[in-house]
Amino acid sequence: MTGVLTLVSTPIGNLGDLAPRAMKAFEAADLVCCEDTRRTGSLLKQIGVRVDELRRLDDHTEFESIPIILDRLVAGERVVLVSDAGTPGISDPGERLVAAAIEVGVEITTVPGPVAAIAALVSSGLPSGRFVFEGFLARKGQERLAQLAAIATESRTTVFYESPNRVAATLAALVETCGPERRAVVARELTKLHEELRRGTLAELAEWSSAGVKGEVVVVVDGVDASVELDDGELVERLRTVLAEGSSKRDAVDRVVAATGARRGRVYDLSLTI
Ligand code: SAM
């Protein structure tokens, strides 16, 4: 019988958020895979759990580690995967091991728990029924411009992770692409002593963050309001933004229609004027 791979979420700042079932999964594991053995070792020490074996699995070691872990799973062992904090596979290693384990017929199970993006989204006050998660935005180049342009025309709430050093520049860039009035939230140090949910317009948050931001940060940006009737100039501006990221005119029309709710014929006619 093949073994089981269990994805275990760990706290994002508050030890009290570790699920009781996570302790059981650690205790039952033949092998615990983690990004940093010292960090996970310290977590296990704090909760008083001894594990048989810890193995590093991060971007640098995945290539050589995955075949070894798969052999052990196929031999029937119980393997737990954790990341440094939060849920493995969410802007953390995990997805390659899970996909490889599924390929060889291993059962996957989870002990779900903290995800910074979800904690930020649900406490932001912005619509949480439908949302887009961008992970970390690209630091520069065309990919970043495309991501910023996509957020500008996105009707769903967007959530992304950002380094405290870059959050001011990113908010300033969003003021340019989304306009100063779009609502947003910077969720900082969630579940920790200095937890802060700073709500405002993009312009207000850009101004606030320009003095420097400390700690871990999630940014939540409201979707564009599709019910607002936009004038021709605004629709042309949106078409230009989407075209600038390399979309064809046809795709640009589709995206602007989806984001604004404007009539297709009207947006198509405007696209012919660009
Ligand atoms: N796997 C993790 C999860 O499930 O949330 C995310 C790992 S990612 C490498 C780390 C990023 O998550 C940080 O740079 C920050 O953007 C966000 N983050 C993690 N903990 C946080 C916290 N307590 N408060 C705010 N953001 C946090």
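Fair warning: this is a prediction, and the values are worked out from it, not measured in the lab. (Residues numbered from 1 in each chain as written. Predicted model: local features only at pLDDT ≥ 70, side-chain atom pairs only at ≥ 80, totals over all residues. Heavy atoms only, no water.)

Q: How should the pairing of strand 6 (residues 131-136) be read in this particular structure?
A: Two faces make up the sheet, and in a regular strand the side chains alternate between them. Two strands pair when backbone bridges link them, and strand 6 and strand 7 (residues 157-162) are joined in this way by four bridges, in the parallel orientation. In the sheet register, Phe 133 faces strand 7, and the bridge partner there is Val 159. Assessed by its sense of winding, the connection that carries the chain from strand 6 through helix 6 (residues 141-153) to strand 7 is right-handed. (Pairing = 2+ DSSP bridges. Helix = DSSP H or I, 4+ residues; strand = E, 2+ residues; numbered from the N terminus. Right-handed = clockwise from strand over helix to strand, strands pointing away.)

Q: I tried to follow the site of the ligand on my own but got confused; where do I start?
A: Around the ligand, 20 residues are found, and the nearest of them are Ile 90, Asp 92, Ala 116, Tyr 161 and Val 217. Measuring from an oxygen atom of the ligand, one finds a side-chain N or O atom of Tyr 161 at 2.7 Å. Note that a nitrogen atom of the ligand is positioned 2.8 Å from one of the backbone N or O atoms of Leu 190. In isolation the ligand offers 570 Å² of accessible surface; the protein chains occlude 89% of this area. A molecule is said to occupy a pocket when more than half its atoms come within 2 Å of that pocket's grid points, and by this definition the ligand occupies the largest pocket. Only strand 7 and strand 10 (217-221) provide two or more residues apiece to the shell around the ligand. Considered class by class, the residues forming the shell around the ligand number twelve nonpolar, three polar and five charged. (Near = heavy atom within 4 Å. Polar contact = N/O pair within 3.5 Å; in protein donor to acceptor, adjacent residues only side chain to side chain. Areas by Shrake-Rupley, 256 points an atom, 1.4 Å probe, with all protein chains shown as cover. 1 Å grid on protein atoms, 1.4 Å probe; cavity = no way out; pocket = protein on both sides within 12 Å on 5 of 7 lines; lining within 4 Å. Sits in = over half its atoms within 2 Å of the grid points. Nonpolar A, V, L, I, M, F, W, Y, C, P; charged D, E, K, R; others polar.)

Q: Can you help me understand a nonpolar patch on the surface in this one?
A: A grouping of Ile 118, Val 122, Phe 131 and Phe 133 is seen on the molecular surface, where their side chains present a nonpolar patch of about 330 Å² in accessible area. Where the nonpolar patch is concerned, the elements lending two or more residues are helix 5 (116-124) and strand 6. Summarising the element assignment, Phe 131 is placed in strand 6. (Patch = residues over 30% accessible without salt bridge, like charges linked within 9 Å, V, L, I, M, F, W, Y side chains within 5 Å. Salt bridge = Lys/Arg side-chain N within 4 Å of Asp/Glu carboxyl O.)

Q: So what exactly am I meant to see when it comes to the environment of Arg 255 here?
A: Locating Arg 255 in the fold gives a position in helix 10 (residues 249-260). For Arg 255, a relative accessible area of 26% corresponds to the partly exposed category. Once residues lying within four places of it in the same chain are set aside, the contact partners of Arg 255 are Ala 149, Ala 150, Thr 153, Val 242, Glu 245 and Ser 247. Separated by 2.9 Å, the side chains of Arg 255 and Glu 245 make a polar contact. (Buried < 20%, exposed > 50% of the residue type's maximum accessible area, 1.4 Å probe, protein only. Contact = heavy atoms within 4.5 Å.)

Q: Please clarify how the packing of aromatic side chains should be interpreted in this entry.
A: Scanning the entire structure with this criterion turns up two aromatic pairs. When the centroid spacing of 5.2 Å and the interplanar angle of 70° are considered together, the rings of Phe 133 and Tyr 161 count as edge-to-face. Residue Phe 133 is located in strand 6, and its partner Tyr 161 is located in strand 7; the two are separated by 28 residues in the primary sequence. Accessibility expressed as a relative area gives 10% for Tyr 161, which makes it buried. Among the aromatic residues, those joined into a cluster by ring pairs are Phe 133, Phe 136 and Tyr 161. (Phe/Tyr/Trp six-rings, centres within 6.5 Å; stacked < 30°, edge-to-face > 60°.)

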